[in-house]
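Each chain is listed here by its residues.
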Amino acid sequence: MSDDGLPPLREVIATHGLAARKALGQNFLLDLNLTAKIARRAGDIGACDVLEIGPGPGGLTRALLMEGARHVVAIERDARCLPALTEIAAAYPGRLTVIEGDALALDPLACLTPPIRVVANLPYNVGTELLVRWLTPPSWPPFWQSLTLMFQKEVAERIVAAPGSKAYGRLSILAQWRANARIAFELPARAFTPPPKVTSAVVQLDRLEAPRFPADAATLGRVVALAFGQRRKMLRASLRPLGDVEALLAEAGIPPTERAEQVSLEAFCRLSRAVEARAGARPPRPEATPG
């Protein structure tokens, strides 16, 4: 038995026939010392509800509950894992809600009470998309206070990358504009079952109450997508769809010969404000005359 009185995870997997499925992006973390380390990285969760995506056999779920999470909402797509998670719920009455379904299609907030932290060993095939959604809600601040997430190391490096590095890109801008982001620690492939072909890393993102620099979220998103969509080109070429791009870049203090990876977050925000101001200065389009 483990410290929580439940069977070891390897026994749980054998009992319920939970071989990890590549199609679901599953790589199970079975070392309860490591899952506890991830749970502790989320900070004091005793007064928080915690959202977990892809709990699998429940290793991290158990760690979150053992570390004192007020309530855990775990979203699991793989129905094979539900009996194991039900056993954990029985061991922690009233503190674990398991929702079967796709995290991209479900709204878990009906089951969560602020303050809310997100802690997850994200399935590799949906991790980045979920992060982008959490960073780009309709209004800010978002529902979450912090995100403690496991990614492939390559994705983690993109989240925290600085200008001038090859990893710097759209994900860097979105994360660092509205949060403090850092790599907490790495986990070797051998810690997982089955071992992935890459190293993993836990990223900690703590939200800012307001964005680091003023900008319209939709405009910044469009500017950054254009800039990094053709990152080898100079900005005067990649940003051509914005209109008078030379004037916009001049207003933002960015040389037109710069490439996206050389431009700071603050400069992208200045450019976004210039684009927004230019759009606001345009006269309204005349209404079409019925003919």
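Everything discussed here concerns the structure shown above.
Note that the structure is predicted; figures quoted are calculated from it, not measured.

A. Looking closely at the packing of aromatic side chains. In total, this model carries 3 aromatic pairs according to the counting rule given. Between the aromatic rings of Y168 and F228, the centroid separation amounts to 5.8 Å while the plane-to-plane angle is 80°, which identifies the pairing as edge-to-face. Taken together, the positions of Y168 in the loop between α6 (153-160) and α7 (170-178) and F228 in helix α8 (residues 217-229) put the pair 60 residues apart, joining distant regions of the chain. Since its relative accessible area comes to 11%, F228 is described here as buried. Members of the aromatic cluster, joined through ring pairs, are Y168, F228 and F268. Residue placement shows K37 over the ring face of F185; its charged tip is 4.3 Å from the ring centre.

B. Here's a closer look at the state of the cysteines. The tally for this structure, following the rule as stated, stands at 0 disulfides. The thiol of C81 is not disulfide-bonded; the next cysteine sulfur, from C111, is found 19 Å away. In this structure C81 comes out as buried when scored by relative accessible area, which is 0%.

C. Spatial organisation of the sheet that holds strand β3 (residues 71-76). Strand order across the open sheet formed by 7 strands is β4-β3-β2-β5-β6-β9-β7, with mixed pairing between neighbours. A strand with exactly one partner marks an edge of an open sheet, and here the two such strands are β4 (96-100) and β7 (179-187). Neighbour-to-neighbour, the strand axes of the sheet open up by a mean angle of 20°, direction not taken into account. Relative to strand β9 (residues 200-207), strand β6 (residues 146-152) is paired through 7 bridges, and the arrangement is antiparallel. In the sheet register, S146 faces β9, and the bridge partner there is D206. Across the face of the sheet, helix α2 (residues 32-41) comes into contact with β5 (116-121), β6, β7 and β9 while running at roughly 165° to β7. Docked against the sheet, α7 engages β7 and β9, running at close to 120° with respect to β7.

D. How the structure looks around helix α5 (residues 127-135). By the burial criterion, the buried members of α5 are G127, L130, L131, V132, W134 and L135. Where the residues of α5 are buried, they touch β2 (49-53), β5, β6, α6, α7 and β9.

E. Broad picture of the nonpolar core. Counting residues in each nonpolar core, the largest one holds 35 residues, and the members touching the most others are L29, I38, L64 and L187. Of all the secondary structure elements, the ones that give two or more residues to this core are α1 (9-16), β1 (28-29), α2, α3 (59-66), β3, α4 (82-91) and β7. When sequence neighbours within four positions are dropped, the list of residues in contact with L187 reads L29, L34, M150, F192, T199, S200 and V202. Judged by nonpolar contacts, the second largest core, of 32 residues, contains L51, V118, L122 and L149.

F. The arrangement of the pairing of β4 in detail. Two elements, β3 and β4, share 5 bridges in a ladder whose sense is parallel. Paired with V72 across the two strands is L96, which belongs to β4. For the crossover from β3 across α4 to β4, the handedness is right-handed.

Parameters at a glance
- Residues numbered from 1 in each chain as written.
- Predicted model: local features only at pLDDT ≥ 70, side-chain atom pairs only at ≥ 80, totals over all residues.
- Heavy atoms only, no water.
- Phe/Tyr/Trp six-rings, centres within 6.5 Å; stacked < 30°, edge-to-face > 60°.
- Helix = DSSP H or I, 4+ residues; strand = E, 2+ residues; numbered from the N terminus.
- Buried < 20%, exposed > 50% of the residue type's maximum accessible area, 1.4 Å probe, protein only.
- Lys NZ or Arg CZ within 6 Å of the ring centre and 35° of its normal.
- Disulfide = S-S within 2.5 Å.
- Pairing = 2+ DSSP bridges.
- Axes fitted to C-alpha atoms, helices over the stretch in contact; angles between N-to-C directions.
- Contact = heavy atoms within 4.5 Å.
- Core = buried A, V, L, I, M, F, W, Y, C linked by side-chain atoms within 4.5 Å.
- Right-handed = clockwise from strand over helix to strand, strands pointing away.

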